[in-house]
Structure formats: structure tokens, C-alpha cells
Amino acid sequence: MAENFKERTVRYLQDAHAAEGGIEEALKGYLNDSHDVNITAVFQTQLQNVQVTKDILETRLRELGEAPSSGKGFLNSVLGKLSELMHGAHDEYDSTTQNLIKAYSANQLKRGMYESLVAFTAIAGDTETHQIGTKLRDTAAGNADAIFPLISQYAQTALGASTIEGVGHASSGASVL
């Protein structure tokens, strides 16, 4: 049986809430892995944003007479697979870089997820959910944009640490590879 507009909107909101819950758990792990105060601050800010987002989604679900789903949902499964693909860091620099990549990817996934909510609710005429989706999509895009330059910056710190430990000589201008 086909879903009506409200049922589909509720499913999108429940899936988004479940995805945010998965991201929340991942960010807690990234915080535990982080050895850099600046990166820890980034992950802490991301975690706070996720918690606010979950509250927004839950509030909207309750306004629609529904509740967050107890299931993990498709997008949460995708996030789990992403974590499985990006494992095996050899040191704290690799670990932090991989965690930044995963946080960036999660925000891009959220951006797409909320874009689909925005597009659907525009057609469905649900102005309130449309506005929420737009705000959350734009927040995810901003978060991804803030994380992206940190990936290369942090990946480069591994080279600096290697040269300090005597692995390479970056100051000579020659490649250390």
C-alpha cells in the first residue's frame, strides 16, 4: 500500500532521527580517540549540533502525533558500513584523519538526506517540516564545509611528526616517500 504524505514525512523524520543517533554514537567514539584539543573541540561542537538536531526532529515527530523510531534505519546502516570501511589506523594521526573524513562524510550524507526531505515537503505542502529540513540541510552543509579543510591540515601533521621522529626530512624539499 502506498504511503500518504504524512506517513512518508514521518518515515523521513524517523529515518533522520535514527541517522542522527548513529552519528551521535560515532562522534562520541571520535571524541574518545582524539588526542588534539582543536579536533576534540570540533567533534564536541558536532556532537552538540547532533543533539539539538535530534531534539528538533523528535519535537516535529510529536507534533505530527508520532515518535522516533526504535529501529536503526537504512541511513544508520550506511553510516555503520562507512565506519567498517575506514578502519585500521596505524597511529593517532591516521585515526584522527579518518575520523575527520567520517565526520565530513556523515555531514554530506545528512545534507542529502535533508535535501530529500525539503524536496518532498515542498510538494506535500508541509511548510513547517520544509523549513526544518532546509535549516538542517544548510547546517549539515556548513558543518561539512568547516570539517573539509581540517582533513588535509591534520593529514599533514603526520608528516611533521614523522620528520620530528626521524622518519623523513621534509625540510630538504625532497619527498619523504
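Parameters at a glance
- Residues numbered from 1 in each chain as written.
- Predicted model: local features only at pLDDT ≥ 70, side-chain atom pairs only at ≥ 80, totals over all residues.
- Heavy atoms only, no water.
- Phe/Tyr/Trp six-rings, centres within 6.5 Å; stacked < 30°, edge-to-face > 60°.
- Helix = DSSP H or I, 4+ residues; strand = E, 2+ residues; numbered from the N terminus.
- Buried < 20%, exposed > 50% of the residue type's maximum accessible area, 1.4 Å probe, protein only.
- Expected span 1.5 Å × (residues − 1).
- Salt bridge = Lys/Arg side-chain N within 4 Å of Asp/Glu carboxyl O.

Here's the deal with the packing of aromatic side chains
Enumeration according to the criterion identifies four aromatic pairs in this entry. On the numbers, 5.7 Å between centres and 55° between planes, the contact of F5 with F120 is tilted. With a gap of 115 residues between them, F5 in helix α1 (residues 5-33) and F120 in helix α4 (residues 92-124) connect regions that are remote in the sequence. Accessibility expressed as a relative area gives 46% for F5, which makes it partly exposed. The exposure class assigned to F120 is buried, which follows from its relative accessible area of 15%. For the ring pair Y30 and F43, a centre distance of 5.3 Å and an interplane angle of 50° mean the geometry is tilted. Within this pair, whereas Y30 is found in helix α1, its partner F43 is found in helix α2 (residues 37-63), the two being separated by 13 residues in sequence. Relative accessible area serves as the criterion here: at 7%, Y30 is assigned to the buried category. An aromatic cluster is built from F5, Y12 and F120, whose rings are joined through pairwise contacts.

Observations concerning α4
Look at α4: 47 Å from first C-alpha to last across 33 residues, which is about the 48 Å you get at 1.5 Å a residue. Within two residues after α4, G125 carries a phi angle of roughly 80°, on the positive side.

Let's talk about the pattern of salt bridges
A full pass over the atoms with the stated rule returns eleven salt bridges. Between R62 and E58 there is a salt bridge whose closest N-O contact spans 2.9 Å. Of this pair, R62 and E58 are both found in helix α2, four residues apart, which corresponds to roughly one turn of the helix. For E58, a relative accessible area of 27% gives the class partly exposed. For D138, the salt bridge identified is with R137, shortest N-O distance 3.0 Å. Accessibility expressed as a relative area gives 43% for D138, which makes it partly exposed. Under the relative-accessibility criterion, R137 is labelled buried at 19%. Connected through salt bridges with shared partners, the residues R60, E63, D126 and E128 form a single ionic network.

In short, shape yes, function no, at least from these values alone.
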